[in-house]
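Architecture at a glance
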Amino acid sequence: LFAKSASPHHGFAAYYTYLEKIFQADAVLHFGTHGSLEFMPGKQVGMSGTCYPDRLINSLPSAYLYAANNPSEATIAKRRSYSATVSYLTPPAENAGLYKGLKELKELIASFQGLRGNEGRGAAIVNSIVSTAWTCNLDKDIDLPSLETYDAAKDTAENRDSIVGQVYSQIMQIESRLLPCGLHTVGVPPTAEEAIATLVNIGQLDRPEDKIEGLPRVIASSVGREINEVYRGNNQGVLTDVELNEKIVMASRAAVRALVMQSTGSDGRVKEVKSAFDEMSAMFGKMMGQKKPWTKAIIDAGFPDVNEARLDPVITYLEFCLKQVVANNELGGIMELLNGEFLMPAPGGDPIRNPAVLPTGRNMHALDPSSIPTAAAVEVSQDVVRKLLEKLRDENDGAFPESIAFTLWGTDNIKTYGESLAQVLALVGVRPVADSLGRVNKVELIPLEVLGRPRIDVVVSCSGVFRDLFINQMNLMDRGIKMAAEADEPLEMNFVRKHAMEQAEELGVSLRDAAARVFSNSAGSYSANVGLAIENGGWEDEGQLQEQFLTRKGFAFNADKPGMMEQQAALFKSALKTVDVTFQNLDSSEISITDVSHYYDSDPTKVVQGLRDDKKKPMSLMADTTTANAQVRTLSETVRLDARTKLLNPKFYEGMLSTGYEGVREIQKRLRNTMGWSATAGEVDNFVFEDANSVFIEDAEMQKRLLDTNPNAFRDMVTTFLEANGRGYWDTSDENIERLQELYAEVEDRIEGV
């Protein structure tokens with residue numbers, strides 16, 4: 001349905017004609033994110049009578065219920081299918097929690113904390129921690145000592161603390177990872193517990209533009225620590241900082257819980273938000289010397305010196321957000337539209353980063369594309385780029401990478417106000433310049449003496465949605481990169497110029513043309529369709545997927561010929577050939593790298609490996625800015641974290657199974673997307689498939705539940721396991737394969753009614 005050349009089949013077209021001409025509908029409601037109407041062939045904007053969206057919807061008024069966190073595709077629904085979009089809330093996010101060996105590890109660490117000074121028992125617990133960490137495959141994430149030779153009793157206390165600190169840090173990353181729980185029911189506001197989970201995440205972020213400090217910063221300052229220092233130590237596995245970070249997290253949760261509980265009824269829901277700053281009760285409390293409930297909660301959590309006055313701005317903000325979170329206007333918004341009334345507009349995006357998205361049930365819009373990247377996005381991006389380059393230099397004996405392949409997404413840049421766009425400019429050493437109205441329409445080179453490092457070359461692959469929404473920003477990037485290529489600077493300090501000069505000579509083109517680095521699909525075309533091929537299982541080998549990526553994504557944007565996307569396959573291949581690192585951003589807890597196929601669909605890791613002269617696989621990294629503690633991880637670390645918190649996590653798969661038929665399909669989808677990463681990047685560990693097989697196939701009771709609930713999705717799951725083994729991504733026993741083959745035949749018979 002999404003191919004530029006594929007017109008809708010007769011049934012699809014006839015249905016819209018039937019609704020208008022025979023059924024004579026007064027309006028249509030497209031329910032949920034998203035359908036196919038707005039992605040049908042035709043112009044990107046300004047539909048004409050020859051464009052399929054226009055011909056299909058014709059004169060029918062269209063109301064479209066759309067996820068609040070997806071303003072980019074909602075904008076396409078507005079532009080291409082003339083729809084008014086009513087936002088609905090995304091599922092509430094909870095902490096992923098721990099299970100099995102991971103839970104046991106946390107209990108062992110708690111025991112060690114109590115017995116750290118006891119040489120005999122403390123050392124014995126460290127040995128158990130090391131052994132359990134190996135069992136949980138944490139050796140892939142941290143440098144664990146050898147099981148055969150290590151004895152904690154013979155180790156120093158500092159070394160033992162270092163090992164426990166690293167394991168603890170890893171455990172906390174898994175436990176605190178945000179997990180969307182179940183599915184959202186339209187018109188049902190969150191419970192008090194769900195509201196707490198959302199507000200904890202809102203409260204952890206600093207909002208300097210509103211002069212609001214996040215709860216973790218205020219709490220950390222009460223013990224004389226700067227929160228970013230605590231995060232840095234936590235990420236490095238410094239035991240004292242990991243412990244302090246966990247304590248701050250628990251105190252933040254306790255404070256938010258105290259705020260929400262004063263407005264919670266006996267049914268566990270918030271009916272009316274009671275003011276946290278009611279004047280009479282505040283005056284009475286002050287006379288009696290009482291602390292406010294949230295301050296008391298933080299004190300009880302171990303921070304007696306917390307400054308109550310410094311907490312006031314963030315608590316006031318959280319109280320306002322609570323009112324928006326529990327407001328219930330989704331069904332009301334739909335009815336207003338269907339009654340032909342005006343529906344109030346509201347921004348779309350991540351409710352945690354931008355609570356102005358709430359309450360839902362309003363007519364969603366995106367943002368002014370000329371306003372990004374904002375100053376705040378530029379600041380955040382500089383921090384991520386610093387961490388990225390630090391990690392790469394650590395891995396490469398202090399040398400800078402010469403070229404990084406980037407993927408840019410429309411929705412992500414709307415949610416973050418252009419953070420990943422700003423990262424591209426920062427790597428090249430270019431500064432975006434806003435005019436007096438805040439429109440970013442110019443770029444300027446940062447002098448090398450100010451930059452203090454070489455200019456890093458970039459190859460940018462933009463999604464089709466990004467191309468539709470941010471064509472001016474593509475212009476900005478292209479101008480900035482060409483500016484860097486034309487700068488008369490030493491080649492060892494300007495990798496953009498170095499590579500552009502090599503390519504100009506190789507391809508016989510001008511330096512300016514050789515510096516094309518911003519690529520996407522052709523106009524009106526979306527995606528590399530690699531995800532589609534993997535979902536269908538109809539691909540022969542990885543070479544086919546790579547060729548598909550190069551063919552569909554090899555259209556260059558040229559600021560000298562704006563508005564045209566020209567096929568430049570040779571230039572695209574030549575640019576990718578120099579890439580040392582592939583890089584993507586994760587900016588929201590709601591959609592992670594195995595939730596959708598888009599992330600691996602646009603991942604060029606194995607494409608680059610095939611093009612490089614030395615056939616060396618580039619390093620694959622992901623920036624995770626889903627929390628205040630932004631981190632840069634390897635792709636394999638991110639896949640493991642995602643598998644442990646979702647696919648292999650009972651809290652996730654039991655939550656999905658409770659929703660019935662659709663839940664089984666969601667579990668299968670994540671297994672298939674995990675295999676997608678094996679196909680495009682080769683970054684999935686064997687244990688992920690092995691553990692998934694143990695959870696869903698070896699367990700007879702689980703097997704029966706899946707089969708009874710959704711036999712078709714279960715058959716796809718069995719097929720995915722067999723395909724992963726057949727393509728060499730999963731090495732397992734003959735016994736497992738035989739069981740899967742028998743199961744496949746059994747499920748097939750069940751579906752056919754044999």
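See the structure shown above.
So, a few notes on the structure that sits alongside this text. Just so you know, these numbers come straight off a predicted model, no measurement behind them.

Scanning the protein from terminus to terminus reveals 34 helices and 17 strands. Taking 754 residues into account, the globule formula puts the C-alpha radius of gyration at 27 Å, and the protein, at 27 Å, falls close to it. In terms of overall dimensions, the protein has a C-alpha envelope of 75 × 70 × 65 Å along the principal axes. The burial tally for the protein puts 56% of its 754 residues in the buried class. Surface accessibility of the protein: about 31,100 Å² in total, with carbon and sulfur atoms responsible for 52%. Of the side-chain charges in the protein, 77 are positive and 106 negative, and the distance between the mean point of each set is 4 Å.

Quick look at the packing of aromatic side chains now. Evaluated as defined, the whole model comprises 12 aromatic pairs. Arranged with centres 5.5 Å apart and planes meeting at 55 degrees, the rings of Phe721 and Trp730 form a pair that is tilted. Note on accessibility: Phe721 and Trp730 belong to one class, buried. Here a set of aromatic residues connected by ring pairs shows up, and it is made of Phe12, Tyr15 and Tyr16. Positioned above the aromatic ring of Tyr52, the side-chain terminus of Arg55 is 5.1 Å from the ring centre. In this structure, Arg727 is placed above the aromatic ring of Trp539, and the distance from its NZ or CZ to the ring centre is 3.5 Å.

With their axes 8 Å apart at the nearest point, helix α9 (residues 227-235) and helix α10 (residues 239-261) run at an angle of 125 degrees to one another. In terms of axis orientation, α9 runs oblique to α10. In the packing of α9 onto α10, the handedness of the crossing is left-handed. Residue-level inspection shows Ile227, Glu229, Val230, Tyr231, Gly233 and Asn234 of α9 in contact with α10, the latter providing Asp241, Val242, Leu244, Asn245 and Ile248. Each residue belonging to the contact of α9 with α10 can be placed in one class, and the counts come to 6 nonpolar, 3 polar and 2 charged.

Before going further, it helps to spend a moment on the pattern of salt bridges. A side chain with one charge may pair with a side chain of the opposite charge, provided their charged atoms come close. Counted under the stated rule, the structure contains 53 salt bridges. Close ionic contact of Lys296 with Asp300 constitutes a salt bridge, the shortest N to O distance being 3.1 Å. One end of the pair, Lys296, and the other, Asp300, are both in helix α12 (residues 293-300), 4 residues apart, so they sit about a helical turn from each other. Residue classification places Asp300 among the exposed residues on the basis of a relative accessible area of 57%. Among the ionic pairs, Glu486 bridges to Arg512, the shortest N-O distance being 3.1 Å. Linking Glu486 in the loop between α20 (471-485) and α21 (495-507) with Arg512 in helix α22 (residues 511-514), this pair joins segments that are 26 residues apart in sequence. Taken together, the shared-partner salt bridges connect Asp595, Lys646, Glu662, Arg665, Glu666, Lys669 and Arg670 into one network.

The next thing to look at is a nonpolar patch on the surface. Taken together, the side chains of Tyr15, Tyr18, Ile22 and Phe23 define a hydrophobic patch exposed on the protein surface, amounting to about 480 Å² of accessible area. Within the secondary structure, Ile22 sits in helix α1 (residues 10-22).

What follows deals with the nonpolar core. Membership of the largest hydrophobic core comes to 97 residues, with the highest contact counts inside it found for Ile129, Val167, Leu576, Trp677, Phe696 and Phe714. Leu576 has contacts with Ala405, Val459, Phe549, Leu550, Val607, Val608 and Leu611, leaving out every residue within four places of it along the chain. Counting residues in hydrophobic clusters, the runner-up holds 51 residues, among them Val443, Phe495, Val518 and Phe557.

Attention now moves to the side chain of Thr720. Tracing the backbone through its elements, the reader meets Thr720 in helix α33 (residues 711-726). Given the relative accessible area of 1%, Thr720 is considered buried. Setting aside chain neighbours within four positions, we find Thr720 in contact with Gln668, Leu671, Arg672 and Met675.

A few words now on the side chain of Asn693. In this fold, Asn693 is placed in helix α31 (residues 686-698). Classification of Asn693 as buried rests on a relative accessible area of 0%. Setting aside chain neighbours within four positions, we find Asn693 in contact with Glu698, Phe721, Trp730, Asn736, Arg739 and Leu740.

About the cut-offs
Residues numbered from 1 in each chain as written. Predicted model: local features only at pLDDT ≥ 70, side-chain atom pairs only at ≥ 80, totals over all residues. Heavy atoms only, no water. Helix = DSSP H or I, 4+ residues; strand = E, 2+ residues; numbered from the N terminus. Rg over C-alpha atoms; globule rule 2.2 N^0.38 Å. Buried < 20%, exposed > 50% of the residue type's maximum accessible area, 1.4 Å probe, protein only. Areas by Shrake-Rupley, 256 points an atom, 1.4 Å probe, with all protein chains shown as cover. Lys, Arg positive; Asp, Glu negative; His and termini not counted. Charge placed at Lys NZ, Arg CZ, Asp CG, Glu CD. Phe/Tyr/Trp six-rings, centres within 6.5 Å; stacked < 30°, edge-to-face > 60°. Lys NZ or Arg CZ within 6 Å of the ring centre and 35° of its normal. Axes fitted to C-alpha atoms, helices over the stretch in contact; angles between N-to-C directions. Parallel < 35°, antiparallel > 145°, perpendicular 65-115°, else oblique. Left-handed = near helix turned anticlockwise from the far one by under 90°. Contact = heavy atoms within 4.5 Å. Nonpolar A, V, L, I, M, F, W, Y, C, P; charged D, E, K, R; others polar. Salt bridge = Lys/Arg side-chain N within 4 Å of Asp/Glu carboxyl O. Patch = residues over 30% accessible without salt bridge, like charges linked within 9 Å, V, L, I, M, F, W, Y side chains within 5 Å. Core = buried A, V, L, I, M, F, W, Y, C linked by side-chain atoms within 4.5 Å.

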